[in-house]
Amino acid sequence: MSEPGPSVVVVARSPAVRAGIRALLESQGIPVMGDLTPAALDLSPLPFDLMVAEATAFAEFDTPPALPAVLVGDDPDALAAF
């Protein structure tokens, strides 16, 4: 029996971006447990193992979440800030 994969959450401002990232991950066999806006993500009981976030959305956090994050985006300046 194989080990379950990480629980992944997608964070982006735009519903279209969240749907696109989710579709890309799921097409590679990576199950996504949820997709949220930065404002909707509750950081207190982190129920996820990994965050895949749009870099500009990740920048909205006052304190970065205490879990591994993969940042995506097409703005080199936003990506370079991290």
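Because the structure is predicted, anything quoted here is derived from the model rather than measured.

What counts, and at which threshold
- Residues numbered from 1 in each chain as written.
- Predicted model: local features only at pLDDT ≥ 70, side-chain atom pairs only at ≥ 80, totals over all residues.
- Heavy atoms only, no water.
- Core = buried A, V, L, I, M, F, W, Y, C linked by side-chain atoms within 4.5 Å.
- Buried < 20%, exposed > 50% of the residue type's maximum accessible area, 1.4 Å probe, protein only.
- Helix = DSSP H or I, 4+ residues; strand = E, 2+ residues; numbered from the N terminus.
- pLDDT = per-residue confidence, 0-100.
- Pairing = 2+ DSSP bridges.
- Axes fitted to C-alpha atoms, helices over the stretch in contact; angles between N-to-C directions.
- Contact = heavy atoms within 4.5 Å.

**Student:** Got a minute to help me understand the nonpolar core in this structure?
**Tutor:** Burial of nonpolar side chains together is a common tendency in soluble globular proteins. Formed by Val 9, Val 11, Leu 41, Phe 48, Met 51, Ala 53, Ala 57, Phe 58, Phe 61 and Leu 67, the largest nonpolar core amounts to ten residues. When residues of this core are traced back to their parent elements, those giving at least two are strand S1 (8-11), strand S3 (50-54) and helix H2 (55-58). One finds Val 10, Ile 21, Leu 25 and Val 52 within the second-largest nonpolar core, a separate group that totals six residues.

**Student:** Could you clarify how one ought to interpret the confidence of the model for the protein chain in this entry?
**Tutor:** Any segment with low pLDDT has predicted coordinates that should not be analysed in fine detail. Summarising the model, the protein chain shows a mean pLDDT of 84, and 88% of its residues fall at 70 or more. Within the protein chain, helix H3 (residues 76-80) has the poorest average pLDDT of any element, 72, and helix H1 (residues 15-27) the best, 93.

**Student:** Looking at this structure, how should I read the sheet that holds S1?
**Tutor:** What links the strands of a sheet is backbone hydrogen bonding, and the strands pair in either a parallel or an antiparallel sense. Spatial strand order, S2-S1-S3-S4: four strands in an open sheet with parallel pairing. Looking at the sheet topology across the chains shown, the edges are occupied by strand S2 (32-36) and strand S4 (69-72). Ignoring strand direction, the axes of neighbouring strands in this sheet form an average angle of 20°. Judged from the four bridges that link them, S1 and S2 form a sheet pairing that is parallel. Within S2, the position partnered with Val 10 by the bridge is Asp 35. Contacts from H1 reach S1, S2, S3 and S4 within the one sheet, and its direction differs from that of S2 by about 165°.

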